[in-house]
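# Survey of secondary and tertiary structure
So you can see what is in the structure, the chains are spelled out below.
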Amino acid sequence: MINDSFSLMRGGLVFRLLRALGLIHHGRPTTKLVTALLMLLAVAPLVVLTAIDGTLASGFSRVRMPLLGDYTLIARFGVALPLLVLAAPVCDQFIRQALVHLSHSRIIDPVQRVPFDAAIARMKRLRDSNLPELVCAAAAIAPVFTESLPMGLLRGISDWGHIDGHGTPAGYWMLYVSNTVFRFVSLIWLWRFLLWTWLLWRFSRMQLDVRASHPDSAGGLGFLGVAQQRFGILAFAGGAVLTGYCMNHMIYLDMDINAFKHLLVGYVITAVVVLLAPLLLLGPQLAKAKQNGILLYGMLGHNASHTFDRRWLSERAPDAPSLLDTGDASAVCDFTSVYATVRGMAIVPISRWNIGWIALCAAVPLTPLAFVALSFDEILQHLASILA
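Residues numbered from 1 in each chain as written. Predicted model: local features only at pLDDT ≥ 70, side-chain atom pairs only at ≥ 80, totals over all residues. Heavy atoms only, no water.

Further remarks concern the packing of aromatic side chains. In total, this model carries eight aromatic pairs according to the counting rule given. On the numbers, 6.1 Å between centres and 70 degrees between planes, the contact of F77 with F182 is edge-to-face. Here the residue F77 occupies a position in helix α4 (residues 71-104), and F182 occupies one in helix α7 (residues 169-204), the gap between them amounting to 105 residues. Given the relative accessible area of 3%, F77 is considered buried. Residue classification places F182 among the buried residues on the basis of a relative accessible area of 13%. With a centroid separation of 6.3 Å and 85 degrees between ring planes, the pair formed by W189 and F231 is classed as edge-to-face. (Phe/Tyr/Trp six-rings, centres within 6.5 Å; stacked < 30°, edge-to-face > 60°. Helix = DSSP H or I, 4+ residues; strand = E, 2+ residues; numbered from the N terminus. Buried < 20%, exposed > 50% of the residue type's maximum accessible area, 1.4 Å probe, protein only.)

Time to look at unusual backbone geometry. The phi angle at S217 is positive, at roughly 60 degrees, despite the residue not being glycine. Topologically, S217 is positioned in the loop between α7 and α8 (222-228). Located in the positive-phi region is D254, a residue other than glycine, with phi close to 55 degrees.

On the surface, a cluster of nonpolar side chains totalling about 260 Å² of accessible area is made up of L33, L37 and L40. Tracing the sequence through the fold places L37 in helix α2 (residues 31-42). A relative accessible area of 34% means that L37 is categorised as partly exposed. (Patch = residues over 30% accessible without salt bridge, like charges linked within 9 Å, V, L, I, M, F, W, Y side chains within 5 Å. Areas by Shrake-Rupley, 256 points an atom, 1.4 Å probe, with all protein chains shown as cover. Salt bridge = Lys/Arg side-chain N within 4 Å of Asp/Glu carboxyl O.)

Just geometry here; none of it tells us what the structure is for.
Given below as C-alpha cells:
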C-alpha cells in the first residue's frame, strides 16, 4: 500500500480539478505555477485597483495606510499564502518517507499488516473524498455572507480599503476574493493535518513492535517526530500573519511591543503544543514498552551482576585469569549502556529537537518586530551586552 507514489497532499477534489485543467502533471513540478495563479487571483487585482484609486504606495497615497504599507496584507498574501502552497510537496515527501519506513521496518508486526494496509487504504479514500474539501470551501466562503467591509482596518486610520468613508473596489475584492482564497488554502492544510492525526490514531490502536532499547530513545518511533515537525510550516505562516498584525498596530497606532508580549509568547507555546500533540496518541504504547523494558532488563541486569560478582569476588580461584584478560567487564559496561537507554526512553516520540524546530518556525517570523520596536543602535547594544 505504501510506495513512491503515495501522497498525503496529492489527492482530493481540488487536486483532480487542477489536473483536469492541465495545471498539474504527474512527475512534473507545478507548485510554482499554482502559487503564481493564486497570487494572481488574490493580489494582482488589489494592486491594480489601488493604483487606480491612488492608494497603492505611500508616496502617492490619498490615505495614511496604503496597500504597500499594510503589513497584515503583505504578511498574509506575500508570505503565508505562497509559503503554504510551496511547502506542501516538501511536507508530503517527509510524510511519505515516514510511512515507507514504518511499512518496511519491523515495527509493524506481521499480524498487524492487514489492519495497517486497511488504515492506509481508508486514509486514501478520505483524502480523495469530495466532501471534506467541499466543507472547506463552504467554510471559506461562508464569512462572505456574514461579514461586511469594516469602516477601517485600524480605528481612526484612513486606509486603502476606504476612501471618504466608503469601501473601495480593492477593499471589496479583498473581502470577497482574497480572504476567501487564503481561508481555503489554510483549511485544506488543516484537513491534511487532521488526516495525518487520524492515521497516527489508527497506528496507536495497533500492536506495534516498540523496543525500549532502540537507540533513538523513542522505541524506534523517533522518525515520526521528524515527520511531524514538517508541519512547522503552519507555525511559520501563522507567525508571519501575527507579525503583520502587530506591525500595523505598532507603526500606525504607536503601540509598544510590550502590549503584545503575552500574545507572542503564547503563540509560540500554543504552536508547539498543537502541532506536536498528535504524537501523544502513541504515548501509551511507548510507556508500556518502557515499563516492560525496565522490568525485563532489570532482571537480566541482576542475573548478570550476580554472575559477575560470584565469579570475580566470591568464588575467584587464586590461579584465575586477570579481569583485564577477559571480556566480562566490557560486557557489563555494554549492558549498563543498554540499560541506560531503556531508562532514558521517552514515553512520547518527541525530542527536544522536534520542540525546538517548531518553536523556531513560530518565532523566526516574529523577529521583524524587534526592528520596529528598537533602533539599529539599540539592537547592537543589546547584542553586545549578551555577548559580553
